[in-house]
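Listed here are the chains, written in short residue letters.
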Amino acid sequence: MIVKQVSIFLENSKGRLAEVTRVLAKERVDIRALSLADTSDFGVLRIIVNRPDRCLEVLKEHGFVARTTEVVAVEVEDRPGGMSRVLDALDEAGLNVEYMYAYVAKAGENAVVICKIDEREKALAVLEKKGIPTISAAGLEAL
Amino acid sequence: MIWNPDYETLPKGELTRLQDERLGSLVDALYRRVEFFRAKMDAAGVKPRDIRGLADLPGLPFTTKDELRSGYPFELLAVDLKEIVEIHTSSGTTGKPVVDAYTAGDLDTWAESMARTLSAGGATRHDIVQNAYGYGLFTGGLGVHYGARRIGATVLPISGGNTKRQLELMRDFGTTVLTCTPSYALYLAEAMREEGMSTGNLGLRAGFFGAEPWSDNMRVEIQANLGLSAYDIYGLTEIIGPGVAFECENQDGLHVNEDLFFPEIVDPATGRPLPDGQKGELVITTLTKQGTPILRYRTRDITYLDRSACSCGRTTIRMHRLLGRTDDMLIVRGVNVFPSQIEEIILGIEGVEPHYQIIVDRRNQLDSLEVQVEMNERLFSDEIRNLEHTESLIESRLYATLNIHTRVKLVEPKTIARSEGKAKRIIDKRQI
């Protein structure tokens, strides 16, 4: 299923990441998964949180450039070949994964990965056809 | 609207005759009354009787800023101090300030030239002019003030800074005309957005922005964000302050009040006059000033002149908006770079806001040029490669124009200092 990710622009300078987490802690926004991509100048922090809309609002109030992005939360069997099965299915359908990262909690026996895919609806259909479960925002919250 | 059709639409021949005549009296007065100019003319081997008109102007010596400074405070006065009713000076940040001493007649000329300026942008006695240029020794505040008074508008002399108050006044008094530096106009627009103010609820319709060079793209930003027509105005303390030249409704070059301030363009290196249309240093002669008249002042501003007819009806010559300064010009790896070129490119890229800074440094004997551009919601993407694409797009456009490699760095919003006066766009860290 499709979930909302919050993406934040960060300059590569001391204390910027800490500033984000400080702001979110104060608002009691819970970070459930996180990935940081960076270059030598700047980074993009991507997070899955319990209250994405409030999270975005509060970051903007503090002067951060941030936006929400729709991503897909996919359940992956926690055994060798589990990830490969997911990516093969997407690859066969000609879908490109821009980036992905793991979610902290497991869904039963399965791990959860967050994937950025341009054609989200098509990806969901492909995964469903292959019997690969995806998980909703509410589902993630319940883990 | 044309404030003074008698002078602003004077047929060319008559205008030239008037200028010839005025130049003659100027040279005469300077030779008789100011030791400094007499010595310079003697050294150049020119006597007042040799000057029959504008055609003889290139034979007269230039005046430079350093010379004006060395005359501080009163050496360049052409009248008795008791005739002087007001004095302004340049900031003096780089040395002794330049003194501009006005007689009552000079203040009248100033009000006249600013009345022409404001009228050209459509301001009338029905307007409420919020004057956010600094009041004081700086000429911006009072120059606009006198012009606005002359056309009978209502002036709010708020001066520069105090942004919250600026917005309050704008809303409560229904300001229709804003006057300030272009960078402060952008700063006000940003503050408005933050306060959730919409320009639709304000009465703003025209803005007169000057005292620093700006670009067409910056005009687009200002007009869109403040909901007004933005007019470029030009002037300098050494000549009179604002009121030397101004844009009309066509926003296509600045009409020079050439019956009062005669413009020439010269090659900055050799001082030789350049033909119309060719870029060079602007040189101005004050034709009617009484207190501190000046002969062929080297402004260090780069522009070119256009004598073609303007559909507004004015017959006065137009100067292109400033293209840079001879002293702002950066020489990076031997290449002449004008900050205005960089601005033009940066602001031409979709989504980029006019908050940028140019940093020049020298590492291992090699100059480096870094351009910092602030990130904003329109530019931001959650994918690194899109952001890197933005950086390399700006880099390649800069390379195409400047022919040197720059490093573009995206920075967080508000990391580049905002200005309430002239923006500090360039940081030159080189120690040469």
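Cut-offs used in this document
- Residues numbered from 1 in each chain as written.
- Chains lettered and ligands numbered in written order.
- Predicted model: local features only at pLDDT ≥ 70, side-chain atom pairs only at ≥ 80, totals over all residues.
- Helix = DSSP H or I, 4+ residues; strand = E, 2+ residues; numbered from the N terminus.
- Rg over C-alpha atoms; globule rule 2.2 N^0.38 Å.
- Buried ≥ 20, exposed ≤ 12 C-beta atoms within 10 Å, placed from the backbone.
- Contact = placed C-beta atoms within 7 Å.
- Pairing = 2+ DSSP bridges.
- Right-handed = clockwise from strand over helix to strand, strands pointing away.
- Nonpolar A, V, L, I, M, F, W, Y, C, P; charged D, E, K, R; others polar.
- Domains from an automatic or database assignment.
- Axes fitted to C-alpha atoms, helices over the stretch in contact; angles between N-to-C directions.
- Left-handed = near helix turned anticlockwise from the far one by under 90°.
- Parallel < 35°, antiparallel > 145°, perpendicular 65-115°, else oblique.

Caption draft 1: Just the overall build of chain B, in detail. Helices and strands together make up the secondary structure of chain B, namely 11 helices and 21 strands. The C-alpha atoms of chain B give 22 Å as radius of gyration, which agrees with the globular expectation for 432 residues (22 Å, within 12%). For chain B, the C-alpha atoms occupy an extent of roughly 75 × 55 × 40 Å along the three principal directions. Put simply, chain B has 432 residues, and 45% of those count as buried. Within chain B, contacts between residues separated by at least 24 positions form 67% of all contacts whose residues are at least 6 apart in sequence.

Caption draft 2: The overall build of chain A, seen in detail. Assigned secondary structure in chain A consists of 5 helices and 6 strands. Helices and strands in chain A line up, N terminus first, as β-α-β-β-α-β-α-β-β-α-α. Taking 2.2 N^0.38 as the reference for a compact globule, 143 residues should give roughly 15 Å; the C-alpha atoms of chain A span a radius of gyration of 16 Å, in line with that estimate. The buried share of chain A, reckoned over its 143 residues, is 31%.

Caption draft 3: Representation of the pairing of strand S5 (residues 177-180) of chain B in the model. Residue and element names in this part refer to chain B. Covered by surrounding structure in S5 are Val177 and Thr179 together with Leu178 and Cys180, the residues of both alternating faces. Across 3 bridges, the pairing between strand S3 (residues 128-131) and S5 is parallel. Within the sheet, the bridge partner assigned to Val129 lies in S5 and is Val177. In this view, the connection linking S5 to its parallel neighbour strand S6 (residues 206-209) by way of helix H8 (residues 182-195) has right-handed handedness.

Caption draft 4: Layout of the interface of chain A and chain B. Contact with chain A, which involves 14 residues of that partner, is made by 16 residues of chain B. Where the side of chain A that touches chain B is concerned, the elements lending two or more residues are strand S1 (2-11), strand S3 (42-49) and strand S4 (66-77) of chain A. Of the residues contributing to the side of chain A that touches chain B, the split by class is 5 nonpolar, 4 polar and 5 charged.

Caption draft 5: Seen up close, the environment of Ala120(B). Residues and elements named next belong to chain B. With respect to the helices, strands and loops of the structure, Ala120 is situated in helix H5 (residues 104-120). For the pair Ala120 and Gly71, spaced 49 residues apart in sequence, the C-alpha to C-alpha distance is 35 Å. The residues contacting Ala120, other than those within four sequence positions of it, are Phe246, Glu247, Cys248 and His255.

Caption draft 6: The arrangement of the domain arrangement of chain B in detail. Residues and elements named next belong to chain B. By domain assignment, chain B separates into domain 1 (1-326) and domain 2 (330-428). One C-alpha centre belongs to domain 1, the other to domain 2, and the line joining them spans 30 Å. Contact with domain 1, which involves 17 residues of that partner, is made by 14 residues of domain 2. When contributions to the side of domain 1 that touches domain 2 are tallied by element, the ones reaching two or more residues are H8 and helix H9 (216-226). Broken down by element, the side of domain 1 that touches domain 2 gets its largest block of residues, 4 residues, from H8. For the side of domain 1 that touches domain 2, the per-class residue count stands at 7 nonpolar, 8 polar and 2 charged.

Caption draft 7: Structural detail: the domain arrangement of chain A. All names here are of chain A. On domain assignment, one finds that chain A holds domain 1 (2-69) and domain 2 (70-142). Computed over C-alpha atoms only, the centres of domain 1 and domain 2 are separated by 22 Å. On the domain 2 side, the residues contacting the 11 residues of domain 1 number 15 residues. Contributing elements (two or more residues each) for the side of domain 1 that touches domain 2: S1 and strand S2 (31-38). Taken together, the residues of the side of domain 1 that touches domain 2 break down into 5 nonpolar, 4 polar and 2 charged.

Caption draft 8: Inspection of the sheet that holds strand S15 (residues 324-325) of chain B at higher detail. Residues and elements named next belong to chain B. Across the sheet, which stays open at both edges, the 4 strands sit in the order S10-S11-S12-S15 with antiparallel pairing between neighbours. Two strands close off the open sheet at either side, each with one partner strand: strand S10 (261-266) and S15. The pairing of S10 with strand S11 (residues 280-286) spans 6 bridges and is antiparallel. Looking across to S11, one finds that Phe261 is bridged to Thr286.

Caption draft 9: Inspection of the packing of H8(B) against H9(B) at higher detail. Residue and element names in this part refer to chain B. Contact pair H8 / H9: the axes reach a minimum separation of 10 Å and the direction vectors enclose 35 degrees. The two elements H8 and H9 meet at a crossing, and its hand is left-handed. Residues Pro182, Ala185, Leu186 and Ala189 of H8 lie in contact with H9, whose contacting residues are Met218, Glu221, Ile222, Asn225 and Leu226. Within the contact of H8 with H9, the residues separate by chemical class into 7 nonpolar, 1 polar and 1 charged.

Caption draft 10: Region of interest: unusual backbone geometry. Residues and elements named next belong to chain B. Cis geometry marks the peptide bond from Tyr72 to Pro73; its omega dihedral reads -5 degrees. Assignment of secondary structure puts Pro73 in the loop between helix H4 (65-70) and strand S1 (84-89). One non-glycine residue with positive phi stands out, namely Ser159, at about 70 degrees. For Ser159, the location among the structural elements is in the loop between strand S4 (154-156) and helix H7 (163-172). We note that Arg296 has phi near 45 degrees; this positive angle belongs to a residue other than glycine.

Caption draft 11: Representation of the packing of helix H10 (residues 339-347) of chain B against helix H11 (residues 384-402) of chain B in the model. Residues and elements named next belong to chain B. Packing of H10 against H11 leaves a shortest axis separation of 10 Å and a crossing angle of 140 degrees. Taken as axis vectors, H10 and H11 run oblique relative to one another. As H10 runs across H11, the sense of the crossing is right-handed. Contacts between H10 and H11 involve Gln341, Ile342, Ile345 and Ile346 from the first element and Ile394, Arg397, Leu398, Thr401 and Leu402 from the second.

Caption draft 12: How the structure looks around H10(B). Among all positions of H10(B), only Ser340(B), Ile342(B), Glu343(B), Ile345(B) and Ile346(B) are buried. Turning to H10(B), the residues buried within the fold contact H9, S15, strand S18 (356-363), strand S19 (366-374) and H11 of chain B.

Caption draft 13: View of the sheet that holds strand S5 (residues 97-102) of chain A. All names here are of chain A. Within the open sheet, the 6 strands sit side by side as S2-S3-S1-S4-S6-S5. Their pairing is antiparallel. The outermost strands of the open sheet, each flanked by one partner alone, are S2 and S5. Each adjacent strand pair in this sheet contributes to an overall mean axis angle of 35 degrees, direction not counted. Across 7 bridges, S1 lies against S4 in antiparallel orientation. Pairing of Ile2 across the sheet is with Val72, part of S4. Against the sheet, helix H1 (residues 16-26) contacts S1, S2 and S3, and its axis sits at roughly 135 degrees relative to S1. Against the sheet, helix H3 (residues 82-92) contacts S4, S5 and strand S6 (110-117), and its axis sits at roughly 120 degrees relative to S4.

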